[in-house]
Amino acid sequence: MKFAFQDQKLGSILGLTNDIKSNEQLFSATSRTIKILWNRNKEVVCFQVDGIPIELQPNQLATLTYLQQVSYKETHLPLTAFLFNRAFYCISDHDSEVSCNGILFFGTQDLPIITLPSTQIRKFNTLYEVFQDEFATPDKIQGDMLQMLLKRLIIMCTRLAKKQLIVQHLDNEQIDIIRKFNVLVDLHFKTKRKVSDYASLLFKSPKTLSNLFAIYNQKSPQQIIHERLTLEAKRLMNFTDKQYQEIAFELGFNDPAHFSRFFKKMTSYSPTDYRENSILSA
């Protein structure tokens, strides 16, 4: 099953499929889409993100952006997927509505996976059926209706993510600081390496950020910045043919030797050894 809505003038796309592995190539464009993957099976579904194996349990959802490289080679069961691009619904422009950036999408350091509580499975299944009905109703307001449904889905997922992925004794203001920090790192990690840079953008002190993240996930703000740099370096080495000197300059290192020392400190491998091991593993 595959549904797709497109607005040729705007270049917008929203897709829904109950088997993303089989149907992904049937959509007109998927390279710049955000995806919500949902395991509606009774067994575990496996896939890879940036070369890392992921096991999605029954009634779990994972959220991905177009920055991540997804492989369904190991996927042997149908995996439901919603996919949309910025032209259809820009989560940055509508962040005040859904508050998902830095939690579900851009700025998150780990793959966000949320589990549907038994009390909410019916609600998500009902929304899924409403999506199907709306895709089957092509009229002048179909795009608006689908956008409303997508916004509802994102809000429902964000609420669960806040409960499951963020400690409960943080208030809304603290959660917003964490979200905004994560998004800012995602935007500026190539040019801003110091916690003080982000503290200034958030009008907070570096100590305030450090204390907040100590409560949140035990990772320091500096560690998050370094891990984001490392993640991008791995992506470039795994999925491009660029030499590590080119990668160093692309990531804002003036000296390739400095990049090599940084990468080895973060991964225990030199860039050359990392790429060779990745090729052998593949």
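Refer to the preceding data block for the structure.
These numbers were taken from a predicted model, which means no experiment stands behind them.

(A) Structural view of the pairing of strand S3 (residues 34-38). By the criterion of burial, S3 is predominantly enclosed, with five of the five residues buried. Of the two faces of S3, the one lined by Ile 34, Ile 36 and Trp 38 and the one lined by Lys 35 and Leu 37 are each fully buried. Inspection of the sheet shows S3 paired to strand S8 (residues 80-84) by five bridges, in the antiparallel sense. In the strand pairing of S8, Lys 35 is matched with Leu 83.

(B) Looking closely at the sheet that holds strand S7 (residues 70-71). Spatially, S5-S4-S7 is the arrangement adopted by the three strands of the open sheet, whose pairing is antiparallel. For this open sheet the edge positions go to strand S5 (52-56) and S7, each flanked by a neighbour on one side alone.

(C) A look at the packing of helix H5 (residues 172-188) against helix H8 (residues 221-239). At their nearest, the axes of H5 and H8 sit 10 Å apart, and the two run at 35° to each other. Classified by chirality, the crossing of H8 by H5 is right-handed. In this structure, H5 contributes Phe 181, Asn 182, Val 185 and Asp 186 to the contact, and H8 contributes Pro 221, Ile 224, Ile 225 and Arg 228.

(D) Summary view of the side chain of Ser 270. Counting through the fold element by element, Ser 270 comes out in the loop between helix H10 (256-267) and helix H11 (271-281). Exposure remark for Ser 270: the relative accessible area of 16% places this residue in the buried category. Excluding its chain neighbours within four sequence positions, the residues that come into contact with Ser 270 are Phe 263 and Lys 264.

(E) Layout of the packing of aromatic side chains. Summed over all chains, the structure comprises twelve aromatic pairs. Taking the centre distance of 6.5 Å and the plane angle of 90° together, the rings of Phe 82 and Tyr 128 count as edge-to-face. Highlighted residues: Phe 82 in strand S8 and Tyr 128 in helix H3 (residues 121-135), separated in sequence by 46 residues. In this structure Phe 82 comes out as buried when scored by relative accessible area, which is 1%. Looking at Tyr 128, the relative accessible area reads 5%, which means it is buried.

(F) Spotlight on a nonpolar patch on the surface. A grouping of Ile 141, Met 145 and Met 148 is seen on the molecular surface, where their side chains present a nonpolar patch of about 280 Å² in accessible area. Within the fold, Ile 141 resides in the loop between H3 and helix H4 (142-165). Judged by its relative accessible area of 47%, Ile 141 is partly exposed.

(G) Representation of the side chain of Arg 228 in the model. Position of Arg 228 relative to the elements: it lies in helix H8. Look at Arg 228 and you get buried, because its relative accessible area is 3%. Reaching out from Arg 228, the side chain makes a polar contact with the side chain of Asp 186 at a distance of 2.5 Å.

(H) Representation of H10. Its twelve residues give H10 an end-to-end C-alpha distance of 16 Å, which sits within 8% of 16 Å, the value for a rise of 1.5 Å per residue. The complete set of buried residues in H10 reads Pro 256, Phe 259, Ser 260, Phe 262, Phe 263 and Thr 267. The arc that holds the buried residues of H10, viewed along the axis, is 165°, so those residues lie on one side. Pointing more than 90 degrees away from the buried face of H10 are the exposed residues Arg 261 and Lys 265. Put simply, Asp 255 is the residue that caps the front of H10, since its side-chain oxygen is 3.0 Å from the backbone nitrogen of Ala 257.

(I) Geometry of the environment of Arg 152. With respect to the secondary-structure elements, Arg 152 resides in helix H4. Under the relative-accessibility criterion, Arg 152 is labelled partly exposed at 46%. Residues Arg 152 and Ala 199 lie 47 residues apart in sequence; the distance between their C-alpha atoms is 32 Å.

(J) Representation of the sheet that holds strand S2 (residues 12-17) within the structure. Taking strand neighbours across the sheet as the criterion, the six strands line up as S1-S2-S8-S3-S6-S9 in an open arrangement whose pairing is antiparallel. Strands with a single pairing partner mark the edges of an open sheet, and in this sheet they are strand S1 (2-7) and strand S9 (113-115). In this sheet, neighbouring strand axes are inclined to one another by 10° on average, regardless of whether the strands run parallel or antiparallel. Its contacts with the sheet place H4 against S1, S2, S3, strand S6 (60-64), S8 and S9, and it is angled at close to 85° to S9.

Scoring rules and cut-offs
Residues numbered from 1 in each chain as written. Predicted model: local features only at pLDDT ≥ 70, side-chain atom pairs only at ≥ 80, totals over all residues. Heavy atoms only, no water. Buried < 20%, exposed > 50% of the residue type's maximum accessible area, 1.4 Å probe, protein only. Helix = DSSP H or I, 4+ residues; strand = E, 2+ residues; numbered from the N terminus. Pairing = 2+ DSSP bridges. Axes fitted to C-alpha atoms, helices over the stretch in contact; angles between N-to-C directions. Left-handed = near helix turned anticlockwise from the far one by under 90°. Contact = heavy atoms within 4.5 Å. Phe/Tyr/Trp six-rings, centres within 6.5 Å; stacked < 30°, edge-to-face > 60°. Patch = residues over 30% accessible without salt bridge, like charges linked within 9 Å, V, L, I, M, F, W, Y side chains within 5 Å. Areas by Shrake-Rupley, 256 points an atom, 1.4 Å probe, with all protein chains shown as cover. Salt bridge = Lys/Arg side-chain N within 4 Å of Asp/Glu carboxyl O. Polar contact = N/O pair within 3.5 Å; in protein donor to acceptor, adjacent residues only side chain to side chain. Expected span 1.5 Å × (residues − 1). Arc of directions from axis to C-beta.

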